[in-house]
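As a plain string of letters, each chain reads:
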Amino acid sequence: MTARDIALIILQLTVLVTGLITVVLSLTWLERKALGRLQRRMGPMVVGPHGLLQPAADALKLLVKEDLVPALADKLLFWLAPMVVFVPSFVVWVTIPLAGEVVVRNMDLGLFFIVAFSVLAIVGMVMAGWGSANKYAILGGLRAAAQLISYEIPIIMAVIAVIMLPQSMNLVTIVDDQRTIPYAVLQPLGLAIFLLAGVAEVGRTPFDIYFAESEVMGGPFIEYSGAHWAVFFLSEYINTFTIAVLVVLLFLGGWSFPLMPESAWLGFLWVVVKAYLVVFVIFWFRGTFPRLRIDQLMSVGWKILIPLSFVNFGLTAFYKFYELPWWALTVSSLAITVAAGYGLYRRWTWPARATAEERLARARAYRRAEVTDAG
Amino acid sequence: MTSLVLFYLAGALALGGAVGVVGTRNVVHAALFLLVSLMGVAGIFLLVFAEFLALVQVLLYGGAIIIVVLFALMLTRLQDFGGSMENRQWPIAALAALGLFFVIAFALARSRGSEETERLGPGVQELGRSLFTQWAIPFEVASVLLLVALIGAIVIARAGGRE
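The structure displayed is predicted, hence computed values, not measured ones. (Residues numbered from 1 in each chain as written. Chains lettered and ligands numbered in written order. Predicted model: local features only at pLDDT ≥ 70, side-chain atom pairs only at ≥ 80, totals over all residues.)

## Things to note about the overall build of chain A
When its secondary structure is counted, chain A shows 15 helices and zero strands. Relative to the 2.2 N^0.38 estimate, which gives 21 Å for 375 residues, the radius of gyration of chain A is 22 Å and therefore close to what a compact globule would have. For chain A, the spread of C-alpha atoms along the three principal axes comes to 75 × 65 × 40 Å. The 375 residues of chain A split such that 42% are buried. Taking contacts inside chain A between residues at least 6 apart in sequence as the whole, the part at least 24 apart equals 76%. (Helix = DSSP H or I, 4+ residues; strand = E, 2+ residues; numbered from the N terminus. Rg over C-alpha atoms; globule rule 2.2 N^0.38 Å. Buried ≥ 20, exposed ≤ 12 C-beta atoms within 10 Å, placed from the backbone. Contact = placed C-beta atoms within 7 Å.)

Here it is as structure tokens:
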């Protein structure tokens, strides 16, 4: 390794950090604007034209804010936790390609690398929760551990179903294989699972159970302020963008687009545009759905997403093994997605359709079952 | 040269973490030291070109096992562990540790050492193929074992809930 290589690596990492921080600043502005529009307000308007300088003002405020440490906190864990959360969210970007050659290191095990390292952030959440010496923080840390390891399973299963198609874990190969048909067409079910579980994995509404303000008041982050809180905030937004980019690379065809000339810059632009569209969908979720209760969160994960992810996996295996035509996978996957979505819709909107007597009868039956089960 | 420095770094992490696990009196710190040690081992895997094993180490130990351990520890109170640092099983533990040491020392002494590390192990595809053809039965036995453990845990948890 020569000095030139080292300089190149440092340059690449600097570009990566700068790019990611720019993305985070733009995302905070976009989120507030999008939410504002969804709620018939204007969003930030005061600082700069259309509030464009608001993120800069917020960042400055966070950096000069006093950094408080609770007297009873486990100092070491309290200081380390933001780093343990931030480092994985940054490290996975080493292998995420934004166009054919625009990547720090393209690895053959790239996708597995991303999955493996993103899991490490959970340890940081638990460290923050335990180290803060605060009951809400401990509750939040426990919730984070339970939620994040539960939703890790559907994500991994969806990723496995994806890597079965090109038989590679190399992200560049995966995108190149989608040149004719993006995997969103082949596996609509996989896309739905990955997006939902991904939103849960970064803890955004409606899955923000572990730092729900109205329940645990910020959860593991309750005692953090100033720059340390900013690090958590930064990694949350980087993770959101990572999930969006992964959706683009794994399902939406990445930098390939039909009827467009191939070029690195155009491809890069495509990935970024698509990723921002996916991020907008995630913000849209936040503006539309109320937060789940923790038991609802767990049952969505274990009773719906995990079984569906196994179905997705099985379908893909059948398709690969018997070398079926591609539309067979599309039709079956789409049918299951629609059926599952409609079933869930009917179930969740049941209270709106039912009469008062029906609701009362169900509540009574539920209570009785609980009593007999305990006795 | 670089790889030698990295090897000593990873080794120091693995050893230092392991010493931390047995040295600290705080169980949560011990769990986190265990994570440091396991990550050191992952680094060593990486240095001998076993990328897949290294990533499995990060995913399974960092992602799953340590978090489950921490989860269990956080459900208990720290003062409950005051007396758990010493117990009467230490001679057995010492014997087991010594036995393991001799096994590893014997294996190392018999291995043909080479000056340079080179890629010898299989890639992911060969690993998967041999796991599901040549080693299919041990693989299935291991998964049945895990299933038994899972069912056992559920049965114990349910029995505890009834009382």
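Anyway, onward from the coordinates.
## Comments concerning the overall build of chain B
Secondary structure assignment for chain B yields six helices and zero strands. Scanning chain B from its N terminus toward the C terminus, one meets helices and strands in the order α-α-α-α-α-α. Counting only residues that meet the buried cut, chain B has 15% of its 163 residues in that class. Restricting the contact set of chain B to residue pairs at least 6 apart, pairs at least 24 apart contribute 55%.

## Some details on unusual backbone geometry
All names here are of chain A. The phi angle at arginine 40 is positive, at roughly 60 degrees, despite the residue not being glycine. Relative to the helices and strands, arginine 40 resides in the loop between helix H1 (3-38) and helix H2 (54-64). For arginine 40, a count of 6 C-beta atoms within 10 Å gives the class exposed. A positive phi is found at glutamine 167, a non-glycine position, where the angle reads about 55 degrees. Turning to its location among the elements, glutamine 167 is positioned in the loop between helix H5 (135-164) and helix H6 (171-177). Taking the C-beta count within 10 Å as the criterion, glutamine 167 has 11 such neighbours and is therefore assigned exposed.

## Thoughts on the environment of isoleucine 65 of chain B
Considering the arrangement of structural elements, one finds isoleucine 65 of chain B in helix H3 (residues 51-74). Considering only alpha carbons, one finds isoleucine 65 of chain B and leucine 13 of chain B, 52 residues apart in sequence, at a separation of 19 Å.

## Structural notes on the interface of chain B and chain A
Across the boundary between the two partners, chain B contributes 18 residues, which contact 20 residues of chain A. Looking at the side of chain B that touches chain A, the elements that each hand over two or more residues are helix H2 (27-47) and H3 of chain B. Examining the composition of the side of chain B that touches chain A, we find that 13 residues originate from one element, H3 of chain B, more than from any other. The residue inventory of the side of chain B that touches chain A, partitioned by class, reads 14 nonpolar, three polar and one charged. (Nonpolar A, V, L, I, M, F, W, Y, C, P; charged D, E, K, R; others polar.)

## A few points about helix H11 (residues 264-288) of chain A
Along its 25 residues, H11 of chain A runs 36 Å from first to last C-alpha, staying within 8% of the 36 Å computed at 1.5 Å per residue. Residues of H11 of chain A that are buried sit in contact with H1, helix H8 (188-201) and helix H10 (226-250) of chain A. (Expected span 1.5 Å × (residues − 1).)

## Focus: the packing of helix H4 (residues 110-131) of chain A against H3 of chain B
At a closest axis distance of 8 Å, the pairing of H4 of chain A and H3 of chain B adopts a crossing angle of 20 degrees. Here H4 of chain A lies roughly parallel to H3 of chain B, going by the angle between them. As H4 of chain A packs across H3 of chain B, the resulting crossing turns out to be left-handed. The segment H4 of chain A lies against H3 of chain B, with Phe112, Phe113, Val115, Ala116, Phe117, Val119, Leu120, Ile122, Val123, Val126 and Trp130 of chain A engaging Leu55, Val58, Leu59, Gly62, Gly63, Ile66, Ile67, Leu70 and Met74 of chain B. Of the residues assigned to the contact of H4 of chain A with H3 of chain B, the class counts are 18 nonpolar, two polar and no charged. (Axes fitted to C-alpha atoms, helices over the stretch in contact; angles between N-to-C directions. Parallel < 35°, antiparallel > 145°, perpendicular 65-115°, else oblique. Left-handed = near helix turned anticlockwise from the far one by under 90°.)

## Focus: the confidence of the model for chain A
Summarising the model, chain A shows a mean pLDDT of 86, and 96% of its residues fall at 70 or more. Taking the mean pLDDT of every element in chain A, the minimum, 74, falls on helix H15 (residues 356-374) of chain A and the maximum, 92, on H8 of chain A. (pLDDT = per-residue confidence, 0-100.)

## Regarding the environment of leucine 8 of chain A
Locating leucine 8 of chain A in the fold gives a position in helix H1. Residues leucine 8 of chain A and phenylalanine 207 of chain A, 199 residues apart in the sequence, show an inter-C-alpha distance of 40 Å.

## Quick notes on the packing of H1 of chain A against H2 of chain A
Residues and elements named next belong to chain A. As a packed pair, H1 and H2 sit with axes 9 Å apart at the nearest point and diverge in direction by 115 degrees. Relative to H2, the element H1 lies roughly perpendicular. Considering the relative orientation of H1 and H2, their crossing is right-handed. Between H1 and H2, the residues in contact are Leu25, Thr28 and Trp29 and Gln54, Pro55, Ala56, Asp58 and Ala59, respectively.

## Here we look at the confidence of the model for chain B
Residue and element names in this part refer to chain B. Summary statistics for chain B give a mean pLDDT of 82 and a share of 85% for residues scoring 70 or more. Helix H5 (residues 124-132) is the least confidently modelled element of chain B, averaging 83 in pLDDT, while helix H4 (residues 90-110) averages 90, the highest of any element. Interface predicted TM-score (ipTM) for the complex: 0.78; the corresponding pTM is 0.86.

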